[in-house]
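So you can see what is in the structure, the chains are spelled out below.
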Amino acid sequence: MFGRAMCIRRNTVKYIWRCSIKLIKLRRILFARHAQTDWNDSSRYQGRTDVPLNGGGRRQAESLARRLASWKADRVLSSTLVRARETAEIVMEKMPDPPALELSEDLVELDFGEWEGMSVSEVRQRYGELYERWRDDPSSVDPPKGEPFDDVIRRVNRAMSPILSSDAERVLVICHGGTIRAAVVSLLGAPSSIAWRIRIDNCALFAVDILAGRCSLAFANDALHLFAGSVRAEQIP
């Protein structure tokens, strides 16, 4: 009798566990960096400067659009800067029944201050030690007249908060290298010192999965669609 009761209890626990798993939904935030600009081609810090996509960038965005053509997003957010907004608009043209595009000032690129418009080599040559310290940990020093990385994290968190508290299961966020790094650092609880050790190419994808309130990195810097043909891009998972 005692053994039978224990068996029933175990089966009941298993049933409850299976039901709980079904109720827990896997959610995904898909981050995409904007497509290429002329300043990207010359390795210049763009920051808040509103540089549009070039011809190569528009082709990159079209490849990303083919990649995501069958990915039904519940919400699509974009930085207000033209390079991100244009990337989002091109991508959404191929999306099935796309939601309204949500523009957010909190997703704009970080302000690089005096470094904006300068190439990486020019900044390294002129600012030497300060630049290297910033690359090692952007929260330890700021670009001259630029934005503290901690402030970037705070405003990106402000943009992410309504997403995390919503029921949206699939969210596409198109923004910038700096703001994607801030989001990844914050969502994963990682130190800001890894920020510039994260490679983010133009039009590359980062996926953060959310399950039972916990965030995990599903994949990073995925740009396979840029190297696939127009037909194959649609077949990449």
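Structural notes, computed from the coordinates. (Residues numbered from 1 in each chain as written. Predicted model: local features only at pLDDT ≥ 70, side-chain atom pairs only at ≥ 80, totals over all residues. Heavy atoms only, no water.)

Once that is clear, we can look at the overall build of the protein chain. Check the secondary structure of the protein chain and you find 7 helices and 6 strands. Reading the protein chain from its N end, one meets helices and strands in the order α-β-α-α-β-α-β-α-α-β-α-β-β. Within the protein chain, the fraction of its 237 residues that count as buried is 47%. Considering only contacts within the protein chain whose residues lie at least 6 apart along the sequence, 72% involve residues at least 24 apart. (Helix = DSSP H or I, 4+ residues; strand = E, 2+ residues; numbered from the N terminus. Buried < 20%, exposed > 50% of the residue type's maximum accessible area, 1.4 Å probe, protein only. Contact = heavy atoms within 4.5 Å.)

One water molecule sets the probe size; rolling that probe over the atoms shows where empty space is left. In this structure, the largest pocket occupies an estimated 590 Å³ of space. The wall of the largest pocket is formed by 28 residues, among which Arg 33, Asn 40, Tyr 45, Arg 181 and Ile 200 lie closest to the centre. Listing elements by their share of the lining of the largest pocket, those giving two or more residues are α2 (38–41), α5 (120–136) and α7 (177–188). Per-element tally for the lining of the largest pocket: the top contributor is α5, with 4 residues. Broken down by class, the residue content of the lining of the largest pocket amounts to 8 nonpolar, 11 polar and 9 charged. (1 Å grid on protein atoms, 1.4 Å probe; cavity = no way out; pocket = protein on both sides within 12 Å on 5 of 7 lines; lining within 4 Å. Points joined across faces, edges and corners; volume = space filled by probe spheres on them. Nonpolar A, V, L, I, M, F, W, Y, C, P; charged D, E, K, R; others polar.)

Although it is not a glycine, Ser 43 adopts a positive phi angle of roughly 55°. Structurally, Ser 43 is set in the loop between α2 and α3 (55–67). Here Ser 43 falls in the partly exposed class, since its relative accessible area comes to 42%. Although it is not a glycine, Asp 97 sits at a positive phi angle of roughly 45°. Turning to its location among the elements, Asp 97 is positioned in the loop between α4 (82–93) and β3 (101–104). A relative accessible area of 62% places Asp 97 in the exposed class.

Glancing now at α3. A rise of 1.5 Å per residue sets the reference length of α3, with its 13 residues, at 18 Å; its end C-alpha atoms lie 19 Å apart and thus fit the reference within 8%. Among the residues of α3, Gly 56, Gly 57, Gln 60, Ala 61, Ser 63, Leu 64, Ala 65, Arg 66 and Arg 67 are the ones counted as buried. Along its buried surface, α3 packs onto β1 (27–33), α4, β5 (205–211) and β6 (214–222). At the N-terminal boundary of α3, the capping side chain belongs to Asn 54, with an oxygen 3.2 Å from the backbone nitrogen of Gly 56. (Expected span 1.5 Å × (residues − 1). Polar contact = N/O pair within 3.5 Å; in protein donor to acceptor, adjacent residues only side chain to side chain.)

It is worth spelling out the packing of aromatic side chains at this point. Following the criterion strictly, the structure yields 9 aromatic pairs and no others. Arranged with centres 4.7 Å apart and planes meeting at 50°, the rings of Tyr 45 and Phe 112 form a pair that is tilted. Residue Tyr 45 is located in the loop between α2 and α3, and its partner Phe 112 is located in the loop between β3 and α5; the two are separated by 67 residues in the primary sequence. (Phe/Tyr/Trp six-rings, centres within 6.5 Å; stacked < 30°, edge-to-face > 60°.)

Taken together, the side chains of Ile 24, Leu 26 and Leu 211 make up a nonpolar region of the molecular surface, amounting to roughly 260 Å² of accessible area. The partly exposed category is assigned to Ile 24, whose relative accessible area is 37%. (Patch = residues over 30% accessible without salt bridge, like charges linked within 9 Å, V, L, I, M, F, W, Y side chains within 5 Å. Areas by Shrake-Rupley, 256 points an atom, 1.4 Å probe, with all protein chains shown as cover. Salt bridge = Lys/Arg side-chain N within 4 Å of Asp/Glu carboxyl O.)

For the coordinates displayed, the defined rule picks out 14 salt bridges. Here Glu 169 makes a salt bridge to Lys 25, at a shortest N to O gap of 3.4 Å. Of this pair, Glu 169 sits in the loop between α6 (149–164) and β4 (170–175) while Lys 25 is found in the loop between α1 (2–23) and β1, placing the two residues 144 residues apart along the sequence. For Glu 169, a relative accessible area of 31% gives the class partly exposed. Taking the shortest distance from any N to any O, the salt bridge between Arg 28 and Asp 209 comes out at 2.6 Å. On the criterion of sequence distance, the pair formed by Arg 28 in strand β1 and Asp 209 in strand β5 is long-range, its members being 181 residues apart.

The values reported here are purely geometric and, on their own, carry no functional implication.
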